[in-house]
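# Observations on chain architecture
Okay, here's what each chain looks like letter by letter:
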Amino acid sequence: MKFKELPPVKEQIRKCVRCGRCRTVCPVFAEVKNETVAPRGHVFMVQMLRDGVVKPDSKVYEHLSKCLLCETCSTFCPSGIDIHELNAAARSFITENQSNPGKRLVFDTLWTSPKLLRASTAFMWSANVTGLMKLARALHLTKVLPGDLPKAEQILDRVPFRSARDQLHETIPAQGKKKLRVAYFLGCATNLLHPEVALATVKVLTQSGCEVVIPRDLKCCGLPHIANGKLGTARSLLLHNFELLSRAKVDYIVTDCASCSSALSDKNVRFVLGQEEIDANLALTAGKVVDLTAFLVNVLDIGPGNLVKRSEHRLTYHDPCHLAKAQNIRKEPRELLRLVPGVELVEMAEPDRCCGGSGTFALTHYDMSMKILDKKMSAIRNTGCDTVATCCPSCSMQLAYGFRRSRVNGKVVHPVELLAQALP
Ligand code: SF4
Ligand code: SF4
């Protein structure tokens, strides 16, 4: 669908009353204090782009890309404008009008192929264990990387040797009486960088009576593509994944990654397809998607029953934007944490303030990302906790880097890991 015809671009822009409320909550504007990077400024910019007042060039893209797509502004806009969708649509419009072979290689080739992604993380693993990475850093060879990557490559600390897929069968039976058949949408980052979270998810689901199916050919949820101006590729990925998920004939589709659950949500599907209403089959599949934390609390009604093993943890919880703002899931992760014997949950100030990771933002806007991260780490420090729980692999990586950067021996966990540890 054409940029000008996309529902947010066609319908929503005119609702902006220029009140500036969105500016007051934007973490990027809080750092830069410049209208060109404020959400209101982005709305104005998209309007000018739509009306042909500015050209779809790299200068406009650069302004629009100074946004985490955290959705904070959209949840505060009194006119109900999905500001982040306007921004993402405009990025795609500009990308379509430019030739960018590097972006094509990363987002159309590498990030659409689970095999190539796996191969690249295997390469990173070898570079880490053979010391090549250390050597490359010492010789400043990493400085030849494009954009902010020379600085940002440190965010990725370790790459496990075995992915979650290498360790899990396609179908894992329920333990005891089967209650439900559930598809587990195993996201790229959890699969390749946090396999321990995937193993914990499967353990908790199967011990709660779910037969778990992990369709082999699932691909990326498409969120990195949306953020990087590749809406068309995100559309192909979404249709591919939904076809597989609908064939799996499951009761629910569950994921432990906040970004994946928001990408597969009914609202995002309508945005990516550029439709106010989506086809009944797609709507049926999207209606089955539920974030793991909400599934465990609201569907399985998980209780303290089987959580018998005690381990002492004094921790705080960070709300991922894609869970709290995009899906309004805030109480469920906390409820799960409080179920674990020995866990003391201490709230930090502004727990839903963005950590600055936002998928690829930290890789493209490193300095800005670090300023936002510093605020988050200070809120964590003030709780006196050295463990943070969160439900998004991107936040997890960013917060772990925040600990390393401030030379604190801290730890980041997914609530499901603590649940799994408490099970027999
Ligand atoms: S909050 Fe909404 S209506 Fe107000 S300036 Fe921002 S986009 Fe416009
Ligand atoms: S999505 Fe987040 S970073 Fe982007 S303009 Fe809105 S509040 Fe600011």
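Residues numbered from 1 in each chain as written. Chains lettered and ligands numbered in written order. Predicted model: local features only at pLDDT ≥ 70, side-chain atom pairs only at ≥ 80, totals over all residues. Heavy atoms only, no water.

### Focus on the sheet that holds strand 8 (residues 387-389)
Definition in use: Pairing between strands requires that DSSP locate at least two bridges from one strand to the other. By the criteria applied, helices consist of DSSP H or I runs no shorter than four residues and strands consist of E runs no shorter than two, each listed in order from the N terminus. Orientation is described by lines fitted to C-alpha atoms, with helices fitted over the stretch in contact, and by angles between N-to-C directions that extend from 0 to 180 degrees. Two residues qualify as a contact provided that any one of their heavy atoms is within 4.5 Å of a heavy atom in the partner residue.
One open sheet accounts for four strands, arranged 7-6-8-9; its pairing is parallel. What marks the edges here is a single partner per strand, and that holds for strand 7 (343-345) and strand 9 (411-413). Neighbouring strand axes in the sheet, compared pairwise and without regard to direction, differ in orientation by 35 degrees on average. Strand direction decides the pairing type here: strand 8 and strand 9, joined by three bridges, are parallel. Opposite V388, over in strand 9, you have V412 as the bridge partner. Sitting on the sheet, helix 25 (residues 393-405) is in contact with strand 8 and strand 9, with an inclination near 165 degrees to strand 9.

### Looking at empty space enclosed by the protein
Convention followed: A pocket, in this scheme, is an open set of points on a 1 Å grid over the protein atoms alone with protein on both sides within 12 Å along at least 5 of 7 lines, while a cavity is a set where a 1.4 Å probe fits but cannot get out; residues line either one if an atom lies within 4 Å of a point. Grid points are joined across faces, edges and corners, and a volume is the space filled by probe spheres set on the points. All residues other than Ala, Val, Leu, Ile, Met, Phe, Trp, Tyr, Cys, Pro, Asp, Glu, Lys and Arg, Gly among them, are scored as polar; the first ten of these are nonpolar and the last four charged.
Taken as a whole, this structure holds two cavities of 30 Å³ or more when the rule is applied. Of the voids in this model, the largest cavity is the one considered here, and its volume is about 90 Å³. Surrounding the largest cavity, 14 residues form its lining, C26, P39, C67, C70 and C73 being those nearest its centre. Breaking the lining of the largest cavity down by element, the ones donating at least two residues are helix 3 (27-32), helix 4 (39-50) and helix 6 (72-76). Split into classes, the residues belonging to the lining of the largest cavity amount to 11 nonpolar, two polar and one charged. In this model, the second largest cavity occupies a volume close to 70 Å³. A breakdown of the residues in the lining of the second largest cavity according to their chemical character gives eight nonpolar, two polar and two charged.

### Points about the pairing of strand 4 (residues 252-255)
Every regular strand shows the same layout, with side chains that alternate between the two sheet faces. Both strand 2 (residues 180-184) and strand 4 contribute to a ladder of three bridges, which runs parallel. Residue pairing for strand 4: Y184 is matched across the bridge by V254. Of the pairings in the sheet, the one linking strand 4 to strand 5 (residues 289-291) comprises three bridges and is parallel in character. Within strand 5, the position partnered with T255 by the bridge is D291.

### As for the site of ligand 1
Filter applied, for reference: We call a residue near a molecule or strand when any one of its heavy atoms sits within 4 Å of it. For a cavity or pocket, the test is whether more than half of a molecule's atoms lie within 2 Å of its grid points; if they do, the molecule sits there.
Surveying the vicinity of ligand 1 reveals 13 residues, the closest of which are C16, C19, G20, C22 and C77. Placement of ligand 1 is best described as lying within the second largest cavity. For the shell around ligand 1, the per-class residue count stands at eight nonpolar, two polar and three charged.

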